[in-house]
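# Structural overview for review
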Amino acid sequence: MTCKLLFVCLGNICRSPTAENIMNHLIEQASLTGSISCDSAGTASYHVGNPPDRRMSAAAVNKLGMELVGQARQLQPSDLKDFDLILAMDKANYQDILALDPTGKYRDKVHLMCEYCSKYSTQEVPDPYYGGTEGFNYVIDLLFDACSGLLASVKKS
Ligand code: 4NP
């Protein structure tokens with residue numbers, strides 16, 4: 001059975017599409033395409049339909065040689081039912097996801113992405129949108145670490 005992962009941030013143009021693209025790359029490298037699938041969404045609707053932010057894409061090319069692909073969409077209440085694991089980039093995203101599940105039925109599916117980090121001890125992937133290049137580079141490093149741990153965790157489950 002396919003394990004369905006959903007990465008969630010605020011705008012779905014910086015952090016969550018990066019997580020989705022890195023995760024897809026690691027899944028392909030591990031020959032697990034078909035066993036694990038990935039998508040991403042934003043809690044807000046500001047950027048619906050837009051491609052990943054060009055500063056985020058530039059950081060992905062510079063640090064990983066990877067082109068980011070995607071088109072932003074907003075998180076839907078049905079996503080909580082449809083996905084197996086929902087990964088929030090920060091605590092505000094986490095709360096906004098849980099707000100779509102008032103009865104708490106899907107609560108256990110929702111996790112902070114940084115729970116899967118092994119090289120970093122931070123709890124959140126910080127929003128890079130209003131900052132400079134260093135913030136985007138840091139998002140890449142943090143998400144590469146978290147995605148590696150997430151893949152190991154999903155493989156074990
Ligand atoms: P993301 O970054 O949540 O990682 O996609 C942001 C994108 C846009 C905005 C904030 C954060 N914004 O305020 O428009």
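Our structure's up above, just so we're on the same page.
Rules and cut-offs
- Residues numbered from 1 in each chain as written.
- Predicted model: local features only at pLDDT ≥ 70, side-chain atom pairs only at ≥ 80, totals over all residues.
- Heavy atoms only, no water.
- Buried < 20%, exposed > 50% of the residue type's maximum accessible area, 1.4 Å probe, protein only.
- Helix = DSSP H or I, 4+ residues; strand = E, 2+ residues; numbered from the N terminus.
- Pairing = 2+ DSSP bridges.
- Right-handed = clockwise from strand over helix to strand, strands pointing away.
- Phe/Tyr/Trp six-rings, centres within 6.5 Å; stacked < 30°, edge-to-face > 60°.
- Lys NZ or Arg CZ within 6 Å of the ring centre and 35° of its normal.
- Salt bridge = Lys/Arg side-chain N within 4 Å of Asp/Glu carboxyl O.
- Arc of directions from axis to C-beta.
- Contact = heavy atoms within 4.5 Å.
- Core = buried A, V, L, I, M, F, W, Y, C linked by side-chain atoms within 4.5 Å.

## A closer look at the pairing of strand β1 (residues 3-9)
In terms of residue burial, β1 counts as a mostly covered element, since 6 of its 7 residues are buried. Here β1 runs beside strand β2 (residues 36-42); their pairing, made up of 7 bridges, is parallel. In the sheet register, Val8 faces β2, and the bridge partner there is Ala41. Taking the sense of rotation as the criterion, the β-α-β connection linking β1, helix α1 (residues 15-29) and β2 turns out right-handed.

## Quick word on the packing of aromatic side chains
Applying the stated rule across the entire model yields 2 aromatic pairs. Seen in terms of ring centroids, Tyr129 and Tyr130 are 4.9 Å apart; in terms of plane orientation they differ by 90 degrees. Their pairing is edge-to-face. Using a relative accessible area of 26% as the deciding quantity, one classes Tyr129 as partly exposed. Above the face of the Phe83 ring, Lys4 is positioned so that its terminal group lies 5.1 Å from the ring centre. If you follow Arg55 out to its NZ or CZ, it ends over the ring of Tyr129, 5.1 Å from the centre.

## Observations regarding the pattern of salt bridges
Pairs can form between side chains of opposite charge whenever their charged atoms are close. This model, assessed by the stated rule, comprises 6 salt bridges. With its nearest N and O atoms 2.9 Å apart, the salt bridge here joins Asp79 to Arg73. The partner of Asp82 in a salt bridge is Lys81, and the shortest N-O contact between them spans 3.0 Å. By relative accessible area, Asp82 is classed as partly exposed at 32%. Through salt bridges with shared partners, a single ionic network connects Asp39, Arg73 and Asp79.

## Thoughts on helix α2 (residues 54-64)
The complete set of buried residues in α2 reads Met56, Ser57, Ala59 and Ala60. Buried residues of α2 fall within an arc of 160 degrees about the axis and therefore sit on the same side. Of the exposed residues in α2, the ones pointing more than 90 degrees away from its buried face are Arg54 and Asn62. Check the buried side of α2 and you find it contacts α1 and α5 (133-156). At the exit of α2 stands Gly65, carrying a positive phi of roughly 65 degrees.

## Some words on the nonpolar core
Nonpolar side chains tend to gather and get buried jointly when the protein is soluble and globular. Membership of the largest hydrophobic core comes to 38 residues, with the highest contact counts inside it found for Leu5, Phe7, Met23, Met113 and Leu150. When residues of this core are traced back to their parent elements, those giving at least two are β1, α1, β2, α2, β3 (85-88) and α5. If you tally residues by element for this core, the top one is α5, at 10 residues. Excluding residues that lie within four positions of it along the chain, Phe7 makes contacts with Ser16, Ala19, Glu20, Met23, Cys38, Asp39, Ser40, Ala41, Leu87, Met89, Met113 and Leu150. Core analysis: the next-biggest nonpolar cluster, separate from the first, contains 14 residues, Ala41, Ile86, Leu98 and Val110 among them.

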